[in-house]
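Observations on the three-dimensional arrangement
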Amino acid sequence: MELKARAKINLSLDVVGRRPDGYHLVRMVMQTVDVCDTLVLQKKDSAGISLACDAPGVPADSRNLAWKAAELLMQEFGVRDGVSILLKKRIPSAAGLAGGSADAACVLKGVNELFGFGLTEEELCKRAVRLGADVPYCIIGGTALSEGIGEVLTKLPPIPDCWIVLAKPEDSVPTGQVYHDLDLLESYPHPDVDGQIRAIREGDLDGIVRTMGNVLELVTIPHHPAVAALIQIMERNRAEGARMSGSGPTVFGIFRREQDARMACEELEKSGMAKDVFLTRPCPGTVTMQEVYA
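All residue numbers refer to position in the chain's written sequence, counted from 1. Only residues with pLDDT of 70 or above have their local features reported here, since the model is predicted, and side-chain atom pairs are shown and tallied only from 80 upward, although totals for entire chains, interfaces and linings are computed over all residues. The basis for every side-chain value is the complete set of non-hydrogen atoms in the structure, without hydrogens or water.

All right, on to the environment of Cys36 then. Strands here mean DSSP runs of E at least two residues long; helices mean DSSP runs of H or I at least four residues long; both are numbered from the N terminus. Along the chain, Cys36 turns up in strand 2 (residues 24-44). Throughout, exposure labels follow a simple rule: accessible area from a 1.4 Å probe, protein chains only, divided by the maximum for the residue type, with under 20% read as buried, over 50% as exposed, and the rest as partly exposed. For Cys36, a relative accessible area of 16% gives the class buried. When neighbours within four sequence positions are excluded, Cys36 is seen to be in contact with Lys4, Ala5, Arg6, Arg90 and Ile91. Any two residues whose heavy atoms approach within 4.5 Å at even a single point are treated as in contact.

Spelled out as structure tokens, the structure:
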């Protein structure tokens, strides 16, 4: 079984509280983009999980979320057979694009199909939250509001078609440190998430861009000035708006015209500030099962 696991961006990201157990309460508008990892899942006669990955530095053992996702379902259902996972990475790691979460969602869907567990999307989401805050969203994909610790999801209409440029600097950002630093702030301005939801429902791209915001920029940018520089490059090339995705450091820009988006990509690549640059578009789903072999 071959599957595609797509990245996400945060059109808005707000932190609205913290639970006694330390988990942060969020309100985020998430959007799938067409940059994807490829996973190949296959049953094997011997018990256990095997994982191979083509990206240096990505663990190919029980530390990987894809492995943990397979283990979660196989232990629950007492599977005696095993599964092999081949992971071909294209989504940058530690980038604010939920690459690991998308891979985990992909494996949950794939293992569910491969072994015939018959779990619904809602049932998969309930299990997905044990793996990480973004994994339930990555099960449903598309455009959605994510609340709570990521487990409360509301599907939204697709955003108007546009061009999206992603640029990730060399740096990687530890998510835990970013949230810790945010906790040290006494107060901070909050993005207009409700206004953005209204704009999405009205199909108003200007309104969507106008209400984009990410509170984590407040603590990420001071330590990673390349984020601000990448935002400026996109805005200089006629991006309707540009923001950091997730805890960073990837920056995304929204463009109406392909020509402007391609010019932004060229300048980003020449600048030397971006390790990875992608030209993409919004898409309706996170996981696609492309082929199932008998």
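Looking now at the sheet that holds strand 7 (residues 163-168). Sheet strands pair by backbone hydrogen bonding; their relative direction is either parallel or antiparallel. Paired strands, as defined in this entry, are two strands with at least two bridges between them according to DSSP. Read from one edge to the other, the open sheet built from four strands follows the order 9-10-7-11, with strand pairing classed as antiparallel. Single-partner strands in this sheet number two, and they are strand 9 (241-244) and strand 11 (276-280). For this sheet, the mean angle separating the axes of adjacent strands, direction not counted, is 15°. Note: strand 9 against strand 10 (residues 251-255), four bridges, orientation antiparallel. The convention used is that axes are lines fitted to C-alpha atoms, helices contributing only their stretch in contact, and that angles between N-to-C directions extend from 0 to 180 degrees.

Let us look at the environment of Phe115. Position of Phe115 among the secondary structure elements: in the loop between helix 2 (99-114) and helix 3 (121-128). For the pair Phe115 and Gly272, spaced 157 residues apart in sequence, the C-alpha separation works out to 46 Å. Excluding residues within four positions of it along the chain, Phe115 makes contact with Lys43, Val79, Asp81, Gly82 and Val83.

Another aspect to go through is the pattern of salt bridges. Any Lys or Arg side-chain nitrogen located within 4 Å of an Asp or Glu carboxyl oxygen qualifies as a salt bridge. One pass over the structure, following the stated rule, counts 18 salt bridges. The closest approach of N and O atoms between Glu147 and Arg27, which form a salt bridge, is 3.0 Å. Of the two residues, Glu147 is situated in strand 5 (residues 143-148) and Arg27 in strand 2; the sequence distance between them amounts to 120 residues. You can call Arg27 partly exposed: its relative accessible area is 21%. The partner of Lys89 in a salt bridge is Asp103, and the shortest N-O contact between them spans 3.3 Å. With Lys89 in the loop between strand 4 (82-88) and helix 2 and Asp103 in helix 2, this residue pair connects regions lying 14 residues apart in the sequence.

Stacked, edge-to-face and tilted are the three classes for Phe, Tyr and Trp ring pairs, Trp counted by its six-membered ring, which pair at centre distances within 6.5 Å; planes under 30 degrees apart are stacked, over 60 edge-to-face, the rest tilted. Counting across every chain of the model gives two aromatic pairs. Ring geometry for Phe77 against Phe117: centres 4.1 Å apart, planes inclined by 10°, an arrangement best described as stacked. You can see Phe77 sitting in the loop between helix 1 (65-76) and strand 4 and its partner Phe117 sitting in the loop between helix 2 and helix 3, a full 40 residues away along the chain. Ring geometry for Phe115 and Phe117: centres 5.9 Å apart, planes at 15°, overall stacked. There is no split in this pair, since Phe115 and Phe117 are both buried. Members of the aromatic cluster, connected to one another through ring pairs, are Phe77, Phe115 and Phe117. We note Arg281 situated over the ring of Trp163; from NZ or CZ to the ring centre the distance is 3.9 Å. Two conditions define a charge located above a ring, namely a distance within 6 Å from the ring centre to NZ of Lys or CZ of Arg, and an angle within 35 degrees of the ring normal.

Moving on, we get to helix 10 (residues 258-271). Expected helix span is taken as 1.5 Å per residue step, with the number of steps being one fewer than the number of residues. In a regular helix each residue adds 1.5 Å, so 14 residues correspond to 20 Å; helix 10 covers 20 Å between its end C-alpha atoms and thus fits that length. Within helix 10 the residues assigned to the buried category are Asp260, Ala261, Ala264, Cys265 and Leu268. One side of helix 10 carries all its buried residues, which in axial view fall inside an arc of 145°. Facing away from the buried surface of helix 10 by more than 90 degrees, the exposed residues are Glu269 and Lys270. Structurally, helix 10 contributes buried residues whose contacts are with strand 7, helix 9 (226-236), strand 10 and strand 11. Just downstream of helix 10, Gly272 is the residue with a positive phi angle, here 75°. This arc is taken over the directions from the axis of the helix to the C-beta atoms.

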